[in-house]
Amino acid sequence: MSDTLEYNEVIHVRRAESTDAQEIDALSTRETLAVFGRFNAVSVIEKAVFAISVVNSRQELVGHASFYDFPNLSTVSQSTWDQWLLQHFTVAQCSPLNSLFCHLLVCQSGFAEGITEEVMRTAFTALPQVHFVFISSPKGALPDSSATLTHYFQPVGVAEGVQPESLPCDIYVTHRHQWCPILHVRHARVEDHDDLTPIFKKQNDVLTATYGDYFLAELIEAQDDCYKAIVAEVEGTAIGFMSVSSEVDIDLLNGCFELGPYHGLKKQSDDDTWEERTTSESCTSSVSSSCFGHETEHERSSSTIAVPGKRQDIVSRPGSAVSVSVRSASGMVSSHGSQPSLTDITKPKLSTAQFSRENSTSSFVSATVSTAHLKRQGSLRPEDGKLSRGGSMGPETMLQRSVSGRIDEDAISHVGSQIQARDGVGEKSKAKAPVFKGEPNAFSVQLFCIDERYEMRSVDMLPAVFELFPDRDFCIVTQPHLVPEYLLLQHFTRVSPRPTTTLHQELYVSHRCSLLEDVVIRRCTSTDRDAIVTLVDGIDNKDCLLSDVDCFNAARRDPLDDGGVPLNVLVADCASQVVGISVIRDEQDIEYIRSHYDIESFVYYGHHRRDEHAHLHHLVLNPIFNHFSKQLLKETLRLSHKTCLYYPIYPEYSVSQASKAHTLASCLHDFVPVRARRQIEYPLEQLGENAPSERILQSQEPYALYHINRKLTLEPKITVNARIVVVGASDVGLSFLETLTFSPHLRFNNLTVISPQGLPWQSGPDDVIDNMLPSSHYNSRIGHAHMSIMTWVNVVKGKMTAIDRERKLVSVLPGAQVPYDLLILCCGQQYQVSSQPRRAIPNHVYTLNSDRDCKIALQAVKMRREGSVVVYGASLAAHSSIQALLAIGIEGSQVKLIQPSSHSVTCFNNPTIDEKISTILKEQGICVYEGYTLKEWNDGDIREGDSLYAATFIHGEEELRLECSSFFCFDRLGIDHDAFQAINDCCLVFDGRLVVDADFQTTDKAIRGAGSLTKFARRYHADKWSLGHFDSREVGQKLALSVLRDYDPVAEQLDKPVDAHSPLLIPSFEYPKIKSARLPGQFSYLHVAPPALETPYEVAKEHREYGRDLVTDSCEAGYFRIQVDKFNRIRQIQCLTNKSLDINNLVTLYGLNESYLNKLVSRFDEGLISDFYSYFREPWVMAVFQDRFSDFCMKLKELLSSRTSDDMPSLEERVREMLQNDSEPAATEMKTLKSDYSNSQVKKLIDQRLLAYLHYNRYHLPMYLSSSSDGVKREDRSTWPTLLHALYWLHVDGRALPYVCLIYVLGLLSIEYMTHVVSAHAWFGL
């Protein structure tokens, strides 16, 4: 928001950031301290539930306000302040849910009044549930210190019988009606036409253009018993309109949406039944007459109820709430869909969806509220009924009528549903589905529009529309997928579509009880147990939840045998019924979380006490209160005196006790996913007691971590309902999905993956299977467990067979159709059986492209272990599969490796390693045949279903016949035939591979492609390059960024698409290509190299840019090669050893200058390094392996590039000037530069940064001596080596010059200094 103040100063209000702290301190005055007391600005922002800053057009901070949900009084507990306030002051109707306290308000002098107005208006606008804002200040401080505050805040009277002098403070309040009053709502009249028409025209003129200037008057005049219209007015002027209808096709809705938790939007009936359905029936259908009846396309687009496309959503427990957001659509009218006829208006059949702006834009971004995603079976069963018939009723009756309190786990979908869409994949399973026979219990919003100035009060119209239909409990709204959610939908729950629907609408539901304001969140008591049992009946692991409730009621903590961990259970109570429950414990693994997850992207640990971190075990909400989940979380933190909450999701195959201690929380959408951090692999024997603590090193089953803290409880999220379909669960596709789902401010509701075998790594861990195929390092079982993609993504198991670009449908075997708004093709290339033998393929011929393929193949080989096994191919996968065969007990003499001559470069591209591998294979007794090509199987006599017994190969005129029981084919990678057919038939450009531009777009703007399936268009003159030449993870990330430009309205446009008139350049990629594998003889292999075309090793070495190789090779340690380019940067790492590899450590070496590594080249040339494996396990190098080391280096670069004054050039500028002529600096210049640097402020700042880095990351790096190290005398600290000045690499004109490294220019010691301070013990010779 913005406002114009004195002197035409324009201001803008935004969320506060910790970086505002210094400017906030500068605005603080003596009066500020008198009212609010002393404060730490970072801490205030960190723990506020709502903090906003006001900036001017120059981005200078001119004001700030922080709001908490409890008063700033040390004598009043934050969990009981409401009781204290009501007892001592005359405050009516305030509660913890509708009140906030201002803990800090600072303004620039001269603008206090305007800034205060804008701050309060913003607070009440962004938080529609808030009705009171209080200030608690020392007695007499506010009137004496701030005339502005006393103008807007009125003193609260003291309660009768209370002595004012006995109170510790004064309380002041400002009310909602002073800033954003509740709207007056009444029945619509024809006279309202003149007021409303300009609003409709301003937002969209489609209705007027279609139906004429008086369509609105006709709508209002057409009201009858089934169709009603209301308006909201301000000062006698209509500013909002809503029309509703009781004519709703409930059966159509039930056929397309998972409405079981809402009793099918019908009243309870004795005829309600439960019928069995097979999953295959619901997974293969597409748009059919059973769904639409005999409607035409025109009729479907204009019917009352429209429904969303296919998607089964995230959460699988009761009341599963899934969040979202809200971007205001200032206009709710649009030209989306076909144009209804005039008769549709007179007998209204218009869905909100048809009049929603498809590409609505608005500068106002509203606050967010959750929506729920519930599936499969209802929370209501006939036997649970407490329902009563319509009419006027109190809150208790209404709640009983709609809420049985029982939530059956079968009613709700499992996390990330899986759709079996291919023959032979899974079995048909039966599940009970409800069939509701009662009378309709819902009405629909037909048309809605409101002046954008009052949009935040849209909810004021809901009580009025419920009064129009007192016998109906549900209000429904539909809208197209591509329309942003508007503010009214904050109070609705999004309903999950069934897997079969291909309709293009989202459905939202609101229950009349959800408008009740007497919800109370309190601690659980023993009398609540029966109500809790009813609430959670039917969910998985309910016994664990009830056990926690019993422990809390008995002792407020776990039994001593289980650690005695403090426990807290809170319930949400509405109309004397328990509608929600949350169970938390004190977080015991906070050190592990901090060191293994990037939680510090969301919190500053230094401002949170250890006992303020909590672990969420259970959270269950009644479905109709799902939009209330954030309030429940906020109150859970307040009442428990916590600031941070953590929730883990374990892999589906997990059997650990930790995974059994949780139920799937229905508020998962309100949390933010936290990325896992790359871990250092420590040489524990060498470090001894200087290793990190056991809390850091403890082994835990990997899990995905979700987090919420106080400042996130009222943070809005932006919902994206666009149907994004990814074809192929490749590394690129998974990286793309990871980037989308880990965007903390976004919520994608309709992400779908189509893959023949679903997502990888869904079965339990198996060391042999997990290592049977080479790894890209990032695509691992642990990595997938940390991402928990299954939580947010719908999985369709099947093969893509066709793409209908006009209707935007993907056909999947054996007949299912998946709708899309954006299609991502990244199915990559797979190993395929050679096309040479064109006859049928016998059984027991395997191509391995996934862990599931490996599992099936190894199980079959174990059953036919008596015969030989032929491995055909020269790839790295062929070698790693041989090790898997040996690991399951196949003798080496049974394995035959056939290496065709089709590859000019071996998979290792290193003669030394080729020779070593050949020796290893011979030692294992494996026969190797080189240069042979497959001719035929079973002597050419193959019938359908025959088993393999022989394979024949040719080499020139020579023929080789091998009897075998299994055949593994790793000869060639190719594009799947069905995928090619689908791409070709839909007329996408295919030139050997799918053609894309630099922004990953095909010739269809709704279809993008990436990975080895694609190549760049010929106009880029990069025919030899495909996206398969680059790191798949980076390609997926860049693909996601290109998509986010279209769907993230607040995204920074840093990576903009290439302009049509700019030079045609392919995207730049920086990540290395990483390959690791387990080879025969239990040898470990690693290759890290930059993206490059396939070039023989001997040829590549002759290139002038190649540099040199540093090689250590010994029988005991193994082979280790490092390529250092001419700029002394590490460009390749290649390892082969029979010992374990520290892969996490070694991959970080890529791209580093050798000076970072203790002058690696000099030491190697001097013969001081005989074994790189042991060299990189020395304690001094651990900091280089830490995941935040690169960020630290960037900060040092910024210091060396910054000027200490405007007239003094930076060190970088002076170095550039010295090296203008590509000549080395003179000795006198060097001496001067060294002297200036040694006496500069920059050196002191770098010293401070180094010590701060080591201290802040001490949990990872305890082996380094820091300023806080115990046992170090102060006088000893003065003799410390200065620091890591070598952590800077200067680039001049795009060239990295080795002699420009400041370690050389300034004559300072490099990381070598750190070897002297490896630990306090080593330093003092202890």
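Along each chain, the written sequence defines residue order, and numbers are assigned to residues from 1. Residue-level local features of this predicted model are given only where pLDDT is at least 70; pairs of side-chain atoms are given and counted only at 80 or more, and the full residue set underlies all totals for whole chains, interfaces and linings. For side-chain calculations, the full set of non-hydrogen atoms in the structure is used, while hydrogens and water are omitted.

### Section: the overall build of the protein chain
Helix and strand content of the protein chain: 43 helices and 56 strands. For the protein chain, contacts bridging at least 24 residues in sequence account for 77% of all contacts bridging at least 6. Where accessible areas are quoted, they stem from the Shrake-Rupley method and a 1.4 Å probe; at the residue level, only the protein chains shown are allowed to cover. About 53100 Å² of surface is accessible on the protein chain, with carbon and sulfur atoms providing 48% of the total. Secondary structure follows DSSP: runs of H or I at least 4 residues long count as helices, runs of E at least 2 residues long count as strands, and numbering of each begins at the N terminus. Should any heavy atoms of two residues lie within 4.5 Å, those residues are considered in contact.

### A few points about the pairing of strand β10 (residues 227–234)
Two faces, one strand: in a regular strand the side chains alternate between the faces of the sheet. Per-residue accessibility, obtained with a 1.4 Å probe over protein chains only, is compared with the maximum for each type, and a residue is labelled buried under 20%, exposed over 50%, and partly exposed between these values. β10 sits mainly inside the fold: six of its eight residues count as buried. Strand pairing follows a simple DSSP-based rule, namely that at least 2 bridges must link the two strands. Pairing of strand β9 (residues 184–187) with β10, which is carried by four bridges, proceeds in the antiparallel orientation. In the sheet register, His-187 faces β10, and the bridge partner there is Ile-230. Direction of pairing for β10 relative to strand β11 (residues 237–245): antiparallel, over a ladder of eight bridges.

### Description of the side chain of Asp-1109
Here Asp-1109 lies in strand β52 (residues 1108–1114). Of the polar contacts made by the side chain of Asp-1109, one reaches the side chain of Tyr-1106; its length is 2.8 Å. Any pair of N or O atoms that falls within 3.5 Å is considered a polar contact. Within protein, one atom must be able to donate a hydrogen and the other to accept it, and sequence-neighbouring residues count only if both atoms are side-chain atoms. Among the polar contacts made by the side chain of Asp-1109, one reaches the side chain of Arg-1121 at a distance of 3.3 Å. Discounting residues that sit within four places of it in the chain, Asp-1109 has contacts with Tyr-1097, Lys-1101, Arg-1121, Ile-1122 and Gln-1123.

### Points about the pairing of strand β3 (residues 50–56)
Among the seven residues that make up β3, seven are buried, leaving the element largely enclosed by the rest of the structure. Judged by which residues are buried, β3 turns out to be covered on both faces: Phe-50, Ile-52, Val-54 and Asn-56 on one side and Ala-51, Ser-53 and Val-55 on the other are all buried. With six bridges joining them, β3 and strand β4 (residues 61–68) adopt antiparallel strand pairing. Counted as the bridge partner of Ser-53 is His-64 from β4. Hairpin geometry of β3 and β4 is characterised by an intervening segment of four residues between the two adjacent antiparallel strands and by a positive phi of about 60° at Gln-59.

### What to know about the sheet that holds strand β41 (residues 927–930)
Sheets are built from strands paired through backbone hydrogen bonds, the pairs being either parallel or antiparallel. Within the open sheet, the five strands sit side by side as β38-β45-β39-β40-β41. Their pairing is parallel. Two strands bound the open sheet, and with one partner strand each, they are β38 (845–846) and β41. Across four bridges, the pairing between strand β40 (residues 895–899) and β41 is parallel. Looking at the pairing, Gln-899 lines up with Glu-930 of β41.

### Quick look at the packing of aromatic side chains
Aromatic rings from Phe, Tyr and Trp, taking only the six-membered ring of Trp, are treated as a pair when their centres fall within 6.5 Å; an angle between ring planes under 30 degrees marks them as stacked, one over 60 as edge-to-face, and anything in between as tilted. With the rule as written, the count across this model stands at 40 aromatic pairs. With a centroid separation of 4.9 Å and an interplanar angle of 85°, the aromatic rings of Trp-81 and Phe-101 are classed as edge-to-face. One end of the pair, Trp-81, is in helix α4 (residues 81–88); the other, Phe-101, is in strand β5 (residues 99–107), and 20 residues separate them in sequence. Owing to a relative accessible area of 1%, Phe-101 belongs among the buried residues under this scheme. An aromatic cluster of at least three residues, connected via ring pairs, comprises Phe-1120, Phe-1164, Phe-1172, Tyr-1173, Tyr-1175, Phe-1176 and Trp-1180. Throughout this description, the term charge over a ring refers to an Arg CZ or Lys NZ atom that lies within 6 Å of the ring centre and within 35 degrees of the ring normal. Cation over ring: Arg-781 sits above Tyr-653, and NZ or CZ is 5.3 Å from the ring centre. Here the guanidinium or amino end of Arg-1033 rests over the ring plane of Tyr-778, the centre of that ring lying 4.3 Å away.

### A closer look at the pattern of salt bridges
Side chains that differ in sign of charge can pair as their charged atoms come close. In what follows, salt bridge is the name for a side-chain nitrogen of Lys or Arg lying within 4 Å of a carboxyl oxygen of Asp or Glu. Summed over all chains, the structure comprises 60 salt bridges. With its nearest N and O atoms 3.3 Å apart, the salt bridge here joins Lys-139 to Asp-170. With Lys-139 in the loop between β6 (132–137) and α6 (141–145) and Asp-170 in strand β8 (residues 170–175), this residue pair connects regions lying 31 residues apart in the sequence. Using a relative accessible area of 42% as the deciding quantity, one classes Lys-139 as partly exposed. Taking the relative accessible area as the measure of exposure, Asp-170 reaches 19% and is therefore buried. Here Arg-677 makes a salt bridge to Asp-1187, at a shortest N to O gap of 2.7 Å.

### Quick word on the nonpolar core
Joining through side-chain atoms within 4.5 Å is the link that ties buried Ala, Val, Leu, Ile, Met, Phe, Trp, Tyr and Cys residues into a set, and such a set is a nonpolar core. In terms of nonpolar packing, the biggest core is built from 107 residues, with Leu-265, Ile-724 and Phe-736 touching the most fellow members. Of all the elements, helix α31 (residues 1032–1047) adds the most residues to this core, at six residues.

### Description of the sheet that holds strand β20 (residues 505–511)
Spatially, seven strands are ordered β9-β10-β11-β17-β18-β20-β19 in an open sheet, and the strand pairing comes out mixed. Each edge of the open sheet is held by one strand with a lone partner, namely β9 and β19 (493–495). Ignoring strand direction, the axes of neighbouring strands in this sheet form an average angle of 35°. Helix axes use the C-alpha atoms of the stretch in contact, all axes being lines fitted to C-alpha atoms, and the angles between their N-to-C directions lie in the range 0 to 180 degrees. Against the sheet, helix α8 (residues 193–203) makes contact with β10, β11 and β17 (442–450), and its axis sits at roughly 80° relative to β11, the strand it touches most.

### Considering the packing of helix α24 (residues 731–741) against α31
At a minimum axis separation of 7 Å, α24 and α31 run at an interaxial angle of 45°. Judged on the interaxial angle alone, α31 and α24 are oblique. In this structure, α24 crosses over α31, and the sense of that crossing is right-handed. Counted together, Asp-731, Val-732, Ser-735, Phe-736, Thr-739 and Leu-740 of α24 and Ser-1032, Arg-1033, Val-1035, Gly-1036, Gln-1037, Leu-1039, Ala-1040, Val-1043 and Leu-1044 of α31 form the full contact between these two elements. If an angle is under 35 degrees, it is roughly parallel; if it is over 145, roughly antiparallel; if it lies from 65 to 115, roughly perpendicular; otherwise it is oblique. Left-handed describes a crossing whose near helix is turned anticlockwise from the far helix by less than a right angle; the clockwise case is right-handed.

### Topic: the side chain of Thr-32
Topologically, Thr-32 is positioned in helix α2 (residues 30–36). A residue is classified by how much of its surface remains accessible, and Thr-32, at 8% relative accessible area, is buried. The contact partners of Thr-32, leaving out residues within four places of it in the chain, are Leu-27, Gly-37, Phe-39, Leu-104, Leu-105 and Val-106.

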